[in-house]
Amino acid sequence: MSNHPVGKTHEPGQSTQQAPRPTLSRKRKLCYGSVVCVLFFTIMETALFLAGIAPVASETDPFAGFSSRFPLFIPQTTSSENPNLVTADNRLALFNRQSFSAKKPADGCRIFCLGGSTTYGRPYDDQTSFSGFLRAALSKLDPDRQWEVVNAGGISYGSVRIALLLRELVNYEPDVFVIYTGHNEFLEDLTYASLIQTHESVRTLGGWLAHSRTFSLAHRIATSNSRTRTTDSTALPDEVDAILDRSIGPGAYRRDEVWYREVAAQFRQSLELIIRMAEASGAKVILVTPASSLRDCEPFKSEHDDGLTGEQLRTFTQYLKSATQAFDNHEEKLALDHVTQALKIDARYAAAWYLLGRILLSTGDEDGAKRAFQRALEEDVCPLRARNQIVEIVRETAGRRRLPLVDFSEQMVEVSEHGIPGSDWFLDHVHPTIAGHRLLAKLLCDALVDSKIARPQPAWTDQSFDDVANQVQSQIDPVKHAVALRNLAKVLSWAGKTDDSDRLAQMAIEQLPGDSEAQSMAGFAALRRNDLSAARTHFEAALRVAPQNVKALDGLGNVFSLNGEPTKARDCFARAVRINSSSVPSWFNLGNACRELNQLDDAAAAYGKSLSLEPKQPDVHKNLGLVRIAQGNLPAAVKEFEAALHLQPDSPERHAELGFLLIDSGRNAHASKKFEDALSIDPNCISGLIGTALVLEQQGNVADAATVIRRAIAIAPENRSLRDLLDRLTR
């Protein structure tokens, strides 16, 4: 019997290696891999569909108008042979809801109004936008045609996205494009720089992915994690966040002349592209110059000129501060002299030009004031108002291409008080009042008539337009508009524009007496005016409507503190933190009230809680240090004062405060160094001079100490405590 196992036998000389297995070609591998991927994603998409996961694209446009995968208008589901086109739901965060027939009527004239938030109608909506007034007027002005006026203004849209949007709109049988753009050029370029620089093919691919549920689930998880990691104690409510369109704040802007020129060149190029595409579709174009508030709009951000020395900066700051104080005290001559001196040192600081404009206007020099206000706009480092170069590009383009031009910017000058646009025609920096939108609609009607696009009926007069406009305004929901004003006031307050915010809050409260938020905002406006009685009335009214309104509780607590009622103040703040234990200001205020009541342990606990929620609060560190001083724990107090200084190393007062504490701790040499640091930042720092004098006195150099105090008196002659100190030193 053979001992070989049953199986294949090998002939002598035959290789014992097995024959190679057949392999798949690269094409087949790719094919099978594709099938597996398609099956996987089909199963995933089906499962997510059954789980109720909607694509991101159904809710929003993640590419903010930079991808053609997200049309503004989509067909409305209907059995009609001529369905309407309506604004897509995923674009409603930035656009008004609009509707027009897919096929234009034979006797129709279709006008698209494009632009940013002014065209949209902010802070209101389409009803009282210039598009809304124009729509109502044209049907009466020329009733023989069917007029369709479509508001295609997008919040924060600049010319780059308007050009992209026009690619879609030229397919909808347009007759006229009204273009009002120019304010958002720098905002759009800075906010969406990465999207603008992304190749169109990549944006298209991203658009396809946004329609998938698998990608959308991953996107939501990543977004949720990001929001969980990020806590912002100054976060705005959703409706205000929508107004801001998550735009970059003033802090992100820096003076950059090269960038200014590049953006202006891009604006010119985009405007030319818009006009070419519009005219290629057979439509006419009407350009509108963007108008801005000058008289009542403080610059968003001021920045010093490069190359100034520390001494020049200190002198400039002193002149500007004294000019502001003199103007507030109605000492116009002194104010004018000091702000002029400041501008001789630094002619690029926007806030100084704005102050000069206010001073000149108060003296009756309207022409000089207008020039100063315009210069303030040009020097604003955060250019959220169209610079003069942008306005001139619109004018020059209209003239060169022989296009109808509505010079709204110049018209605002003609109708405004003092010939300087302000709050009589603008709600904020660029958004016109309802009367402003109404005027622009009237000017557009005239432009359409002059261009032979509209043919007015014989009975049409200026009064006819007023009658139509009055009818539109009679349909306004005053409560709805007051809520819009309130929300705009919140945005302006967030941006630090408290004067504008307070003015709008007061307008809102007249229509919203039962609105807790509006009452609370009016309360803080009264606090800033130091009208404690009115503030208390507003805060108490807010709390009657909404007892859980933490901001109103904080406001009322501040009123009690200023009125010398710390117990009532403490109770308000304690109630606030019970309602919202994450309210950083409430914990800080509670600490202040407890410290005033000498409840030191409670004060320390409240300050500690505030710092645990937001560590970067120099004032909280300082006040906690004051508690440690009262508790007799000077080393702990020094630690807190050092923490405050670490957060504000450029503050002379922080250096001086630590210096005084070091004197109390017997560390005069260290104290002297802190006072030197304070005076190196600001040679006119009164507390730094006082501290230096006290160290000299303790060292026995009384005469030198007196000399230092005399220097301080020369800087602040009204300071009575300095004279008392000098009397003690020279006694």
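In this report, the structure presented in the accompanying data block is examined. Because the structure is predicted, anything quoted here is derived from the model rather than measured.

Below, the discussion takes up the pairing of strand 4 (residues 108-115). Where burial is concerned, most of strand 4 is hidden: eight out of the eight residues are buried. Every second residue of strand 4 is oriented toward a common face, with Gly108, Arg110, Phe112 and Leu114 on one face and Cys109, Ile111, Cys113 and Gly115 on the other, all of them buried. In this sheet, strand 6 (residues 176-180) lies alongside strand 4 in parallel orientation, the contact comprising five bridges. Residue pairing for strand 6: Phe112 is matched across the bridge by Phe177.

Side chains of residues three or four places apart in an α-helix project in the same direction, reflecting 3.6 residues per turn. Helix length check: helix 15 (residues 388-400) (13 residues) gives 18 Å between terminal C-alpha atoms against 18 Å at 1.5 Å per residue, within 8%. Looking at helix 15, one finds that the buried residues are Ile390, Val391, Ile393, Val394, Thr397 and Ala398. What you see down the axis of helix 15 is that its buried residues fit within an arc of 155°, all on one side. Once helix 15 finishes, Arg402 follows within two positions and takes phi at roughly 55°, a positive value.

This brings us to the side chain of His429. Mapped onto the elements, His429 comes out in the loop between helix 16 (408-415) and helix 17 (434-450). You can call His429 buried: its relative accessible area is 13%. Apart from residues no more than four positions distant in its own chain, His429 is found in contact with Ser292, Ser293, Cys297, Phe300, Leu384 and Arg385.

What follows concerns the packing of helix 16 against helix 17. Between helix 16 and helix 17, whose axes approach to 11 Å, the crossing angle comes to 120°. Comparing their axes, helix 17 and helix 16 come out oblique. Here the hand of the crossing between helix 16 and helix 17 comes out right-handed. Within the contact between the two elements, helix 16 uses Phe408, Gln411, Met412 and Val415 and helix 17 uses Gly436, Leu439, Leu440 and Leu443. Within the contact of helix 16 with helix 17, the residues separate by chemical class into six nonpolar, two polar and no charged.

Our next topic: the packing of helix 26 (residues 600-613) against helix 27 (residues 618-630). With their axes 10 Å apart at the nearest point, helix 26 and helix 27 run at an angle of 155° to one another. In terms of axis orientation, helix 26 runs roughly antiparallel to helix 27. Between helix 26 and helix 27 lies a crossing of left-handed hand. Of the residues in helix 27, those in contact with Leu600, Ala603, Ala604, Tyr607, Ser610 and Leu611 of helix 26 are Val620, His621, Asn623, Leu624, Val627, Arg628 and Ala630.

For the rest of this paragraph, the subject is the packing of aromatic side chains. Taken as a whole and judged by the stated rule, the model has 17 aromatic pairs. A centroid spacing of 6.1 Å and a plane angle of 80° characterise the contact between Phe73 and Tyr172, whose relative ring orientation is edge-to-face. Of this pair, Phe73 sits in strand 1 (residues 73-75) while Tyr172 sits in the loop between helix 4 (159-169) and strand 6, and the two are 99 residues apart along the sequence. Just as Phe73 is buried, Tyr172 falls in that class too. Seen in terms of ring centroids, Phe186 and Tyr260 are 5.6 Å apart; in terms of plane orientation they differ by 90°. Their pairing is edge-to-face. Taken together, the residues Phe186 in helix 5 (residues 185-191) and Tyr260 in helix 10 (residues 257-280) connect sequence positions 74 residues apart. There is no split in this pair, since Phe186 and Tyr260 are both buried.

Turning next to the side chain of Ser270. Of note, Ser270 is situated in helix 10. With a relative accessible area of 4%, Ser270 lands in the buried category.

The strand order across the open sheet built from five strands is 5-4-6-7-8, with neighbouring strands paired in parallel fashion. Taken across any chain shown, the strands that pair with only one partner, and hence form the sheet edges, are strand 5 (146-153) and strand 8 (405-406). Summarising the sheet, strand 6 and strand 7 (residues 284-288) pair through five bridges and their orientation is parallel. When the bridges of strand 7 are listed, Ile179 appears paired with Leu287. Here helix 3 (residues 130-141) sits on the sheet in contact with strand 4, strand 5 and strand 6, set at roughly 175° to strand 5.

Core analysis: the largest hydrophobic core is formed by 55 residues, its most contacted members being Ile111, Leu138, Val178, Leu444 and Leu448. With nine residues, helix 17 is the single largest residue contributor to this core. When neighbours within four sequence positions are excluded, Leu448 is seen to be in contact with Ile111, Leu134, Leu138, Val176, Ile286, Ile453 and Ala454. Core analysis: the next-biggest nonpolar cluster, separate from the first, contains 38 residues, Leu114, Tyr172, Ala264 and Ile393 among them.

It is worth spelling out the sheet that holds strand 2 (residues 84-87) at this point. In spatial order, the strands read 1-2-3; together these three strands make up an open sheet with antiparallel pairing. If you trace the sheet from one side to the other, it starts and ends with strand 1 and strand 3 (99-101), each paired once. Each strand axis lies, on average, 30° off the axis of its neighbour in the sheet, ignoring direction. The pairing of strand 1 with strand 2 spans three bridges and is antiparallel. Its bridge partner lying in strand 2, Phe73 is registered against Thr87.

Reading guide: rules and limits
- Residues numbered from 1 in each chain as written.
- Predicted model: local features only at pLDDT ≥ 70, side-chain atom pairs only at ≥ 80, totals over all residues.
- Heavy atoms only, no water.
- Buried < 20%, exposed > 50% of the residue type's maximum accessible area, 1.4 Å probe, protein only.
- Helix = DSSP H or I, 4+ residues; strand = E, 2+ residues; numbered from the N terminus.
- Pairing = 2+ DSSP bridges.
- Expected span 1.5 Å × (residues − 1).
- Arc of directions from axis to C-beta.
- Contact = heavy atoms within 4.5 Å.
- Axes fitted to C-alpha atoms, helices over the stretch in contact; angles between N-to-C directions.
- Parallel < 35°, antiparallel > 145°, perpendicular 65-115°, else oblique.
- Left-handed = near helix turned anticlockwise from the far one by under 90°.
- Nonpolar A, V, L, I, M, F, W, Y, C, P; charged D, E, K, R; others polar.
- Phe/Tyr/Trp six-rings, centres within 6.5 Å; stacked < 30°, edge-to-face > 60°.
- Core = buried A, V, L, I, M, F, W, Y, C linked by side-chain atoms within 4.5 Å.

Just distances and angles here, no functional claims.
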